[in-house]
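Here are the chains, one letter per residue:
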Amino acid sequence: MTGAHTLALDDLQELIDILSSRGYSVLGPTVVDGAIDIRPLTSVSQLPHGWGDEQDGAHYRLRRRGDDAVFGFACGAQSAKPVFFPADELLWRSRSGPDGPQIDRPDDDRPDDDRYGPPYAVLGLRSCDLAAIRIHDRVLTGRAVADAHYATRRTDSVIIAVTCTDPAGTCFCVSMDTGPVPSEGFDIALTELYADGPHRFVARPGSPRGAELLERLAARDATDEDLAHAASVGEQAAQRMGRRLDDTNLKNILYDNAESAVWDDVADRCLSCGNCTLVCPTCFCTSITDVSDLAGATSERHRVWDSCFSADYSYIHGGAVRESTRSRYRQWMTHKLAAWKDQFGTSGCVGCGRCITWCPAAIDITAEAGELRRVAEHREERRARQP
Ligand code: SF4
Ligand code: SF4
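Note that the structure is a prediction, hence the values are computed from the model and not measured. (Residues numbered from 1 in each chain as written. Chains lettered and ligands numbered in written order. Predicted model: local features only at pLDDT ≥ 70, side-chain atom pairs only at ≥ 80, totals over all residues.)

**Concerning the overall build of the chain**
Scanning the chain from terminus to terminus reveals twelve helices and 16 strands. The C-alpha radius of gyration of the chain comes to 23 Å, within 12% of the 21 Å expected for a compact globule of 387 residues. Along the first, second and third principal axes, the C-alpha atoms of the chain reach 75 × 70 × 40 Å. The 387 residues of the chain split such that 38% are buried. Put simply, of all contacts in the chain between residues at least 6 apart along the chain, 71% involve residues at least 24 apart. (Helix = DSSP H or I, 4+ residues; strand = E, 2+ residues; numbered from the N terminus. Rg over C-alpha atoms; globule rule 2.2 N^0.38 Å. Buried ≥ 20, exposed ≤ 12 C-beta atoms within 10 Å, placed from the backbone. Contact = placed C-beta atoms within 7 Å.)

Given below as structure tokens:
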């Protein structure tokens, strides 16, 4: 942990001020409509002081922690996905003018509610969210033709990560080897300490830019006691995962059990609402939508989030390929936990648990994967016992 410093809350404010003065749009966790979500941040007073969360299947509640922790919640309603890969991205706008049609670049006329444009500095991201960003970097920019909009938003972005101190009942990042302590993909990683001594943050640099920012803060070097305390916070969080997903041989189990009765069972409960894909930090399916005004003077092309749970998403000539909820749920889970590995070299799940929390039917990807494994292994055992 070379170069680690110990920061006070005032140092975090100075960090926000420095980043703002360098032209960054600073974003971080705040309480919005009864949940924690990422919003523009100008002051540490906007952080969720003293708020924790309770999460379970179809259940999310904020709760008062009884202390003044600012990162004492598990994970917010959304990851950094809406920052770097917004739900509605204006690709271009055309207008008819006296000299003929004119095509505008999106940022020629940025609407007021999107004034927080790149470069971004995002504060408070969890280790699972960093893993999801690495996946999006691979999927969206690591291909022959990079996604220019995503690349623009990611360029020069600053990531201030945080060790999870209080995982939720839906968290399983340890199973997916993605947390709870940030290991890569950050400029600075904070571990919040509040249980003994003054409220403070052990800050580790993860890049030359992070090291330079920490030097600017003129904070004191972290003591051995603070470093040991920070390490134990991460170890304790790893022991308190709410859920577990056994990834062993899961790809083959999914591929070999496309006709399992487990898919019928989950289809009876699934509403095909798509919430799980909207909150998932790695889902990246989109559709293109064109809109024009009634006079025909302007038209816009937008890229909007879509979902493999929508019937139209698999529409090709003549109809949808995946007409049933059974086939859509199977597609989602099999892509996420199996085919993703063949396509992109990693699981498509980082264990954040959001799809469990925000599923109105409390469908749990860890439980469904476990049931598929149980049924498949039981069938194999019976088969092995047959003479
Ligand atoms: S699994 Fe849950 S969140 Fe996902 S589509 Fe079905 S009901 Fe909606
Ligand atoms: S599948 Fe669920 S638990 Fe896994 S990354 Fe997506 S939202 Fe998180």
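**Details of the site of ligand 2**
Looking at ligand 2, there are 13 residues lining it, with Cys280, Cys349, Cys352, Arg354 and Cys355 nearest. Its residues assigned to classes, the shell around ligand 2 comprises eight nonpolar, three polar and two charged. (Near = placed C-beta within 6 Å. Nonpolar A, V, L, I, M, F, W, Y, C, P; charged D, E, K, R; others polar.)

**Quick look at the site of ligand 1**
Inspection of the region around ligand 1 gives Cys270, Leu271, Ser272, Cys273, Gly274, Asn275, Cys276, Phe309, Cys359, Pro360, Ala361 and Ile363 as its neighbouring residues. Partitioned by chemical class, the residues of the shell around ligand 1 number nine nonpolar, three polar and no charged.

**Here's the deal with the nonpolar core**
The biggest cluster of nonpolar side chains holds 90 residues, and the ones touching the most others in it are Val122 and Ile160. Top contributing element to this core by residue count: helix H3 (residues 127-141), with six residues. No fewer than three residues from each of domain 1 (5-86 + 113-238) and domain 2 (250-283 + 310-385) sit in this core. Discounting residues that sit within four places of it in the chain, Val122 has contacts with Leu27, Gly28, Ile38, Ala80, Val83, Ser157, Ile159 and Ile160. (Core = buried A, V, L, I, M, F, W, Y, C linked by C-beta atoms within 7 Å. Domains from an automatic or database assignment.)

**Remarks on the domain arrangement of the chain**
Domain annotation for the chain reports domain 1 (5-86 + 113-238) and domain 2 (250-283 + 310-385). For domain 1 and domain 2, the distance between their C-alpha centres works out to 29 Å. Listed by partner, the interface residues are 26 residues for domain 1 and 21 residues for domain 2. When residues of the side of domain 1 that touches domain 2 are traced back to their parent elements, those giving at least two are strand S5 (59-64) and H3. Top contributing element to the side of domain 1 that touches domain 2 by residue count: H3, with eight residues. Across the side of domain 1 that touches domain 2, the residue classes break down as 14 nonpolar, nine polar and three charged.

**Examining the sheet that holds strand S13 (residues 286-292)**
One key point about sheets: their strands pair by backbone hydrogen bonds, in either a parallel or an antiparallel sense. Across the sheet, four strands lie side by side as S7-S6-S14-S13; this open sheet has antiparallel pairing. The open sheet has two edge strands with one neighbour each: strand S7 (100-104) and S13. Between one strand and the next, the sheet's axes are offset by a mean angle of 15°, whatever the strand orientation. Where S13 lies against strand S14 (residues 298-305), seven bridges are found, and the strand directions are antiparallel. In the sheet register, Asp290 faces S14, and the bridge partner there is Arg301. (Pairing = 2+ DSSP bridges. Axes fitted to C-alpha atoms, helices over the stretch in contact; angles between N-to-C directions.)

**A closer look at the environment of Tyr116**
When you line up the elements, Tyr116 lands in the loop between S7 and strand S8 (120-125). Overall, Tyr116 belongs to the partly exposed group, with 15 C-beta atoms counted inside 10 Å. Sequence separation between Tyr116 and Arg39 is 77 residues; the distance between their C-alpha atoms is 9.6 Å. Tyr116 has contacts with Ser25, Leu27 and Pro40, leaving out every residue within four places of it along the chain.

**A look at the pairing of S7**
Of all the five residues making up S7, zero are buried; the element is thus mostly uncovered. Pairing geometry for strand S6 (residues 88-97) and S7, over five bridges, is antiparallel. Bridge assignment links Ser94 to a residue of S7, and that residue is Ile103. Following S6, the chain reverses through two residues before pairing antiparallel with S7.

**Details of the sheet that holds strand S10 (residues 188-193)**
Taken in spatial order, the eight strands make up an open sheet running S3-S2-S8-S9-S10-S11-S1-S12, and their pairing is mixed. Among the strands making up the open sheet, the edge pair consists of strand S3 (35-40) and strand S12 (220-221). Here strand S2 (residues 25-32) runs beside S8; their pairing, made up of three bridges, is parallel. Of the residues in S8, the one forming a bridge with Val26 is Ala121. Where helix H5 (residues 208-217) meets the sheet, it contacts strand S1 (5-7), strand S9 (158-162), S10 and strand S11 (200-205), and its direction lies at approximately 140° from that of S11. Relative to S10, helix H6 (residues 224-238) is tilted by about 90°, and along the sheet it contacts S1, S10 and S11.

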